[in-house]
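So the chains spell out like this:
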Amino acid sequence: MLFVQLKEAKNFTPHEKEVAQYILQHPDQVVHMSANELAFASLTSKATVVRLGQKLGLSGFQEFKLKLIEELNQSQRISHILAQEPITDQSSYEDILNTLPSLYDKAITNTKLTLKKSEMLRIHHFLLHAQSIEIYGTGVSYYLAQAAAFKFATLGLEANAYESVNTHFQAARKQKKTVCFLISFTGANRSICQMAQYLREATDNHVVGILGPHNEVTRKWCHEVVEIPNRDSVLSLDVISSTAAVNYVMDIFFSLLLAKHQKELVNPSLAMQEHAYILLDKGENDT
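Residues numbered from 1 in each chain as written. Predicted model: local features only at pLDDT ≥ 70, side-chain atom pairs only at ≥ 80, totals over all residues. Heavy atoms only, no water.

Peer 1: How would you explain the pattern of salt bridges if you had to name every residue and give the values?
Peer 2: Inspection of the entire model under this criterion finds nine salt bridges. A salt bridge links Arg51 to Glu16, with the shortest nitrogen-to-oxygen separation between them at 3.7 Å. Taken together, the residues Arg51 in helix α5 (residues 46-55) and Glu16 in helix α2 (residues 14-25) connect sequence positions 35 residues apart. Overall, Glu16 belongs to the buried group, its relative accessible area being 1%. Between Glu16 and Lys55 there is a salt bridge; the shortest N-O distance is 2.7 Å. Separated by 39 residues along the polypeptide, Glu16 in helix α2 and Lys55 in helix α5 bring together distant segments of the chain. (Salt bridge = Lys/Arg side-chain N within 4 Å of Asp/Glu carboxyl O. Helix = DSSP H or I, 4+ residues; strand = E, 2+ residues; numbered from the N terminus. Buried < 20%, exposed > 50% of the residue type's maximum accessible area, 1.4 Å probe, protein only.)

Peer 1: I'd like a rundown of helix α11 (residues 190-202), residues and numbers included.
Peer 2: With 13 residues, α11 should cover 18 Å at 1.5 Å per step; its first-to-last C-alpha distance of 18 Å lies within 8% of that length. Looking at the buried side of α11, the elements it contacts are β1 (132-136), α10 (167-172), β3 (178-184), β4 (206-211) and α12 (216-219). The N-terminus of α11 is capped by Asn189, whose side-chain oxygen sits 2.9 Å from the backbone nitrogen of Ser191. (Expected span 1.5 Å × (residues − 1). Contact = heavy atoms within 4.5 Å. Polar contact = N/O pair within 3.5 Å; in protein donor to acceptor, adjacent residues only side chain to side chain.)

What follows is the structure, given as structure tokens:
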């Protein structure tokens, strides 16, 4: 997210930090400025403003302003929804019923703002040509991996979830084109990091991390990283926010594959419906 990048100021020069600080302090004014006006207001130069935009991964100042406006609007909307801690000892059933959709909305909106189209489509390209999909997680993230593997399997793909790397299994199928997803809510899970390192160094698999923000170490072992933002998650409900974010990312990849294979899935789906009564276990005596 743009505001997070500006706050962290990674690899910014002193002058670029001055521009970033001015933007963070006056975002509502910056959206109406030109690059020259921002340079003048921050006591820097237009060249500094342009370089900052490039470091943020944006093509130009106009794209920067559009991104800034989008995040301002979303931030204001979400802040209004979750102005206070959503669940307290006074929360009723009705309160929780109304709060959870807002929390899901915040998690998905923040994740959507973080996603980069080029990276997502590049991962999709590897999935299209993969012979198998492996999804790794620990604890709660392992159950998310199982759910995602089940969805991919409904498309007729070989997909499995794992809590650890089976080195003999990997060695025996080294020539098989495989995409490996690794899930970590924080991005710093030691087991996930070790699995990523092994898969990157000892196999020819394409390694994709779905990682929280503290992913500096794990990231270097991944070919691609999809970051799930949880810096602003409500502390008491962190796991719900992270779960929603991971599900959203995996469902995007699932839906992209579904769209690509939809025509070839029609006939098998129709054939399945002809025998659905067996799975539904409806006998003659059922009412």
